[in-house]
There are 2 protein chains.
Amino acid sequence: MPIVVERLRRVGLRPTRQRVALARLLFDGGDRHVTAEQLHGEALAAAIRVSLATVYNTLHQFTAASLMREVVVEPGRSYFDTNTDDHHHFFCESTGHLQDIPGELVRVGELPRPPAGAKIQRVDVIIRIRQDNRAPR
Amino acid sequence: MPIVVERLRRVGLRPTRQRVALARLLFDGGDRHVTAEQLHGEALAAAIRVSLATVYNTLHQFTAASLMREVVVEPGRSYFDTNTDDHHHFFCESTGHLQDIPGELVRVGELPRPPAGAKIQRVDVIIRIRQDNRAPR
DNA sequence: GTGATTGCAAATCTTTTGCACTAAA
DNA sequence: TTTAGTGCAAAAGATTTGCAATCAC
């Protein structure tokens, strides 16, 4: 039985045609960062008939099932990341490009304790960069 | 001459009625985190006639002028922070509340070097927390 | 006066929703 | 069958824009 199908079953999601196809696009390559719009475009390009609404649903379901996570770096656009390991990000403000930084490379020492009654969910480190605009020769 | 007016002049913004009033709301108290919608509400409550569009413009102008900065923690909503010092944030996913963490309290060691040709703009550390939902006694 | 700024309403963009239709089990 | 999942188009939010009216200098 296809790996993707099992993977979906394990997290309680019916392996529908759309979910399987999107999962393949997402997880078959290496780690990826996509927006819903992008993934929808890829699906269409790959002749997978799926609506944008379903892409949104699917991304959120995958995220809820911990198959991926959401990265918020820009107002008004969400990125979904297929890497669920502990890690951080470079975000290029010029290009909108996201790049993983392995968790071990960033040492966040001495977290202040959270306000009373609150539990830490996750620590996001976003290194915002900008491309030098020296004209390329 | 009023301090706010000078402050706006120094960054090249005409001290219009709306800008001065918004600046007072923003900078007269301590450090603040507001959304455009919130600030607009406060302005109206304070009998300051200003449109939402102008609030957006003003927040972006203040941000461009380094009087404040934008904090992106949730898809679909921008917070503006009157604290321009080097610092980080707690973000409570239950309440949408932001709280500053002084920069010194978070030691981010050993930044990986950014991709070639890119310059670090800023490092954002967001500690996502969630309120325990133990019923309060 | 003159050019910057504002207000309004319409437009835009991303994301969500309602509901009839389709498909997995 | 039965219930979950999908597609479409409409709705919902947040934010931006175009342009005439208004204000600071």
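Residues numbered from 1 in each chain as written. Chains lettered and ligands numbered in written order. Predicted model: local features only at pLDDT ≥ 70, side-chain atom pairs only at ≥ 80, totals over all residues. Heavy atoms only, no water.

Turning next to the relation of the copies chain B and chain A. Superposing chain B onto chain A takes a rotation of 179° combined with a translation of 0.0 Å along the rotation axis, leaving an RMSD of 0.1 Å. Both copies are brought into coincidence by an operation consistent with a two-fold rotation axis. Both copies contact each other with a shared surface, as 100% of the interface residues of chain B are interface residues in chain A too. (Least-squares fit on C-alpha atoms with pLDDT ≥ 70 in both. Contact = heavy atoms within 4.5 Å.)

Further remarks concern the protein's contact with DNA strand D. Around DNA strand D, 20 residues are found, and the nearest of them are Thr16, Gln18 and Thr54 of chain A together with Tyr56 and His60 of chain B. By atom count, sugar and phosphate contribute 85% of the portion of DNA strand D lying within 4 Å of the protein. The backbone of Arg49 of chain A places a nitrogen or oxygen atom 3.2 Å from a phosphate oxygen of DNA strand D. In this structure, Arg9 of chain B approaches DNA strand D through a side-chain N or O atom, which is 2.8 Å from a phosphate oxygen. Taken together, the elements giving at least two residues each to the surface near DNA strand D come down to α2 (17–27) and α4 (52–64) of chain A together with α4 (52–64) and β3 (77–81) of chain B. Examining the composition of the surface near DNA strand D, we find that four residues originate from one element, α4 of chain B, more than from any other. Its residues assigned to classes, the surface near DNA strand D comprises six nonpolar, seven polar and seven charged. (Near = heavy atom within 4 Å. Polar contact = N/O pair within 3.5 Å; in protein donor to acceptor, adjacent residues only side chain to side chain. Helix = DSSP H or I, 4+ residues; strand = E, 2+ residues; numbered from the N terminus. Nonpolar A, V, L, I, M, F, W, Y, C, P; charged D, E, K, R; others polar.)

Right, let's talk about the layout of surface pockets for a bit. The volume enclosed by the largest pocket comes to roughly 420 Å³. Along the walls of the largest pocket sit 17 residues, with Thr63, Glu70 and Arg122 of chain A together with Glu93 and Arg128 of chain B positioned nearest its centre. Of all the elements in the fold, those that place two or more residues in the lining of the largest pocket are α4, β2 (69–74) and β7 (118–131) of chain A together with β2 (69–74) and β7 (118–131) of chain B. Of all the elements, β2 of chain A adds the most residues to the lining of the largest pocket, at three residues. For the lining of the largest pocket, the class distribution of residues is six nonpolar, four polar and seven charged. (1 Å grid on protein atoms, 1.4 Å probe; cavity = no way out; pocket = protein on both sides within 12 Å on 5 of 7 lines; lining within 4 Å. Points joined across faces, edges and corners; volume = space filled by probe spheres on them.)

Residue and element names in this part refer to chain B. It is the contact of helix α2 (residues 17–27) with helix α3 (residues 36–45), at a shortest axis distance of 11 Å, that shows an interaxial angle of 110°. Taken together, the axis directions place α2 and α3 in an arrangement best described as roughly perpendicular. Within the contact between the two elements, α2 uses Leu22, Leu25 and Leu26 and α3 uses Leu39, Glu42 and Ala43. Here the residues of the contact of α2 with α3 sort into five nonpolar, no polar and one charged. (Axes fitted to C-alpha atoms, helices over the stretch in contact; angles between N-to-C directions. Parallel < 35°, antiparallel > 145°, perpendicular 65-115°, else oblique.)

Below, the discussion takes up the pattern of salt bridges. With the rule as written, the count across this model stands at 16 salt bridges over all chains. In this structure, the salt-bridge partner of Arg130 of chain A is Glu93 of chain A, at a minimum N-O distance of 3.0 Å. Of this pair, Arg130 of chain A sits in strand β7 while Glu93 of chain A is found in the loop between β4 (87–92) and β5 (97–102), placing the two residues 37 residues apart along the sequence. Glu93 of chain A sits in the partly exposed class, given a relative accessible area of 27%. Here the salt bridges share partners, and the residues they tie into one network are Arg69, Arg122 and Asp124 of chain A together with Glu93, Arg128 and Arg130 of chain B. (Salt bridge = Lys/Arg side-chain N within 4 Å of Asp/Glu carboxyl O. Buried < 20%, exposed > 50% of the residue type's maximum accessible area, 1.4 Å probe, protein only.)

Tallied over the entire structure, the rule returns four aromatic pairs over all chains. Its end group placed over the ring of Phe27 of chain A, Arg7 of chain A keeps NZ or CZ at 4.5 Å from the ring centre. (Phe/Tyr/Trp six-rings, centres within 6.5 Å; stacked < 30°, edge-to-face > 60°. Lys NZ or Arg CZ within 6 Å of the ring centre and 35° of its normal.)

All right, on to the protein's contact with DNA strand C then. Not every one of the 19 residues close to DNA strand C is listed here, only the nearest: Tyr56 and His60 of chain A together with Thr16, Gln18 and Thr54 of chain B. Here DNA strand C approaches the protein such that, of its atoms within 4 Å, sugar and phosphate make up 84%. Counting only elements with at least two residues in the surface near DNA strand C, the list comes to α4 and β3 (77–81) of chain A together with α2 and α4 of chain B. If one sorts the elements of the surface near DNA strand C by residue count, α4 of chain A sits on top with four residues. Its residues placed into classes, the surface near DNA strand C shows six nonpolar, seven polar and six charged.

A few words now on the sheet that holds strand β5 (residues 97–102) of chain B. The six strands lie next to each other as β5(A)-β4(A)-β7(A)-β7(B)-β4(B)-β5(B), forming an open sheet whose pairing is mixed. In this open sheet, the two strands that pair with only one neighbour each are β5 of chain A together with β5 of chain B. For this sheet, the mean angle separating the axes of adjacent strands, direction not counted, is 30°. (Pairing = 2+ DSSP bridges.)

Residue and element names in this part refer to chain A. In space, the three strands of this open sheet follow the order β1-β3-β2, with antiparallel pairing throughout. The open sheet terminates on both sides in strands that have one partner only, identified here as β1 (33–34) and β2. Pairing of β1 with β3, which is carried by two bridges, proceeds in the antiparallel orientation. Its bridge partner lying in β3, His33 is registered against Asp81.

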